[in-house]
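In case you want the letters, here they are:
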Amino acid sequence: MTNANLFDPFDLHGLKLPNRILMSAMTRTRATEDDVPTDLISEYYVQRASAGLIVTECTQVSDQGHGIMRAPGIHRADQIAAWRKVTDAVHAADGHIYNQIWHCGRVAHPDMRGGAQPVAPSAIPATGDFFLPSGRVDFPIPRALGIEEIAPIVETFAQATRNAREAGFDGVELHGANGYLQDQFLRDGSNQRTDDYGGAVTNRAHFMLETIDAMVAAWSPERVGVRLSPSGLLYGMHDSDALTTFSYVIKELSARRVGYLCLLEPNAKDLTTGTVQIEHVAKTFRPLFSGPLMINSGFDKAKGQAVLASGDADLVAFGTMFIANPDLPDRFRRDTPLNKLDPSTFYGVGPKGYTDYPRLAA
Ligand SMILES: Cc1cc2nc3c(=O)[nH]c(=O)nc-3n(C[C@H](O)[C@H](O)[C@H](O)COP(=O)(O)O)c2cc1C
């Protein structure tokens, strides 16, 4: 047990977080049609600047990594300049902001990528729903990447890290969770390669660890966070031995002294199906990671306080509560009711359900 509390400040390697109530990465599809952050995106993050740390929505590192319409990128000069406006505004509001960088891998459709087939470790399609303006479609069979294509993708993450730094971010988070490219390589349900990037976990982890090493070299270990979902089943993800797979990776991340590790607990829906392999993610992996551990998924104020007090995590990230409550730390502090969340506007365009959730009166 510890005395840690959600309202305690936290020193993230010199970055002074005012509290441990963090905002997790959330795609909101409010960028322009050619994937540039807008003034509305800036306003949204400024409204949430009282979070101990904001992690932005996933931001593609290249056109090849583009999997969501109106998701912003960080690989072109116009995107970097537009992000600079966002980070300046958040800093002027005394906030801290990291950029989550991402490659969709197989979770994409050619119809929203100029016909380009999605790529993946192996030619195994994702499962689940994908929505185009025309409606729901199945995921296509992705093209298995040639071994010579892997190093250039790693380099796009290094360049995105340099770009994020140039854009004024306080750090970067690798989106290694939720069934996207690094996660696809890591887990054996989506990786059936027979080269150095497939087979044993030491091989399946290569791509993720090479990416992290490149990001660290592009900035510094302290400024690189990593997000993993050891129990995540999204988009048909699974692993025949999740405990061994994620234990290996998390020990490697600890040895590399990355700035933080953000872990997702299994969500309520997956737990009720009985298919989740690791039920208590923070408790299971805390002993393996010596740096700051951030936990996310399904937390409210009481559960957040409890996980900090247990010592199983140092920081708690909140997703949907931050969508509906721009002033979440203030509401937690004053124990006031929370706004009702409107999921129908998660992926809309414009301010409705984005920047129009009310704040508490002072
Ligand atoms: C609308 C929406 C978009 C999301 N987009 C991302 C994303 O871009 N990157 C990511 O890592 N997680 C994403 N997530 C997952 C959230 O960060 C978070 O893990 C999830 O909402 C569970 O936390 P919560 O129970 O506090 O909401 C998204 C979730 C929602 C609801």
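What counts, and where the lines are drawn
Residues numbered from 1 in each chain as written. Predicted model: local features only at pLDDT ≥ 70, side-chain atom pairs only at ≥ 80, totals over all residues. Heavy atoms only, no water. Helix = DSSP H or I, 4+ residues; strand = E, 2+ residues; numbered from the N terminus. Rg over C-alpha atoms; globule rule 2.2 N^0.38 Å. Buried < 20%, exposed > 50% of the residue type's maximum accessible area, 1.4 Å probe, protein only. Contact = heavy atoms within 4.5 Å. Areas by Shrake-Rupley, 256 points an atom, 1.4 Å probe, with all protein chains shown as cover. Lys, Arg positive; Asp, Glu negative; His and termini not counted. Charge placed at Lys NZ, Arg CZ, Asp CG, Glu CD. Near = heavy atom within 4 Å. Polar contact = N/O pair within 3.5 Å; in protein donor to acceptor, adjacent residues only side chain to side chain. Nonpolar A, V, L, I, M, F, W, Y, C, P; charged D, E, K, R; others polar. Expected span 1.5 Å × (residues − 1). Phe/Tyr/Trp six-rings, centres within 6.5 Å; stacked < 30°, edge-to-face > 60°.

**Remarks on the overall build of the chain**
A count of helices and strands for the chain gives 12 helices and 14 strands. Computed over C-alpha atoms, the radius of gyration of the chain comes to 19 Å, within 12% of the 21 Å expected from 2.2 N^0.38 for 362 residues, which places it in the range of a compact globule. The principal-axis extent of the C-alpha atoms belonging to the chain is close to 60 × 45 × 40 Å. Looking at the chain as a whole, 60% of its 362 residues are labelled buried. For the chain, the share of sequence-separated contacts (at least 6 apart) that also reach a separation of at least 24 residues comes to 71%. Summed over its atoms, the accessible surface of the chain is roughly 14000 Å², and 55% of this surface lies on carbon and sulfur atoms. Computing the positive centroid from 34 side-chain charges and the negative centroid from 42, the chain places the two 4 Å apart.

**Points about the site of the ligand**
Around the ligand sit 18 residues, and of these A25, R227, N296, G298 and T320 come closest. Note that an oxygen atom of the ligand is positioned 2.6 Å from one of the backbone N or O atoms of A25. The contact in question runs from an oxygen atom of the ligand to an N or O atom on the backbone of C58, over 3.2 Å. Of the residues belonging to the shell around the ligand, the class tally is seven nonpolar, 10 polar and one charged.

**What to know about the side chain of N296**
Looking at the secondary structure, you find N296 in strand β13 (residues 293–296). A polar contact of 2.5 Å, which involves the side chain of N296, links it to the side chain of R227. Not counting residues within four places of it along the chain, the set of residues in contact with N296 comprises S24, R227, C262, L263, L264, E265, A317, F318 and G319.

**Section: helix α7 (residues 242–256)**
End to end, α7 covers 21 Å across 15 residues, agreeing with the expected 21 Å (1.5 Å per residue, within 8%). Inspection of α7 places A242, T245, F246, S247, V249, I250, L253 and S254 among the buried residues, and these make up the whole buried set. The secondary structure elements touched by the buried residues of α7 are α4 (181–186), α5 (201–204), α6 (206–218), β11 (224–228), β12 (260–264) and α9 (281–285). With its phi angle positive at about 55°, R257 sits one or two positions after the end of α7.

**Comments concerning helix α3 (residues 150–166)**
One full turn of an α-helix is made of 3.6 residues, so residues set three or four places apart face in the same direction. If you check α3, its first and last C-alpha atoms are 25 Å apart, about what 17 residues at 1.5 Å a residue would give, namely 24 Å. Among the residues making up α3, those that are buried are I150, I153, V154, F157, A158, A160, T161, N163 and A164. Once α3 finishes, G168 follows within two positions and takes phi at roughly 95°, a positive value.

**Considerations on the environment of L341**
Residue placement: L341 occurs in the segment after α12 (328–334). In this structure the C-alpha to C-alpha distance between L341 and V276, which are 65 residues apart in sequence, comes to 26 Å. When neighbours within four sequence positions are excluded, L341 is seen to be in contact with T320, I323, A324, F346 and Y357.

**Remarks on the packing of aromatic side chains**
Applying the stated criterion across every chain, the model contains 12 aromatic pairs. Pairing F346 with Y347 gives two aromatic rings, centres 6.1 Å apart and planes at 80°, and the pair type is edge-to-face. Residue classification places F346 among the buried residues on the basis of a relative accessible area of 17%. Accessibility expressed as a relative area gives 57% for Y347, which makes it exposed. Grouped by ring-pair contacts, the aromatic residues W102, F130, F139, Y180 and Y235 constitute a single cluster.

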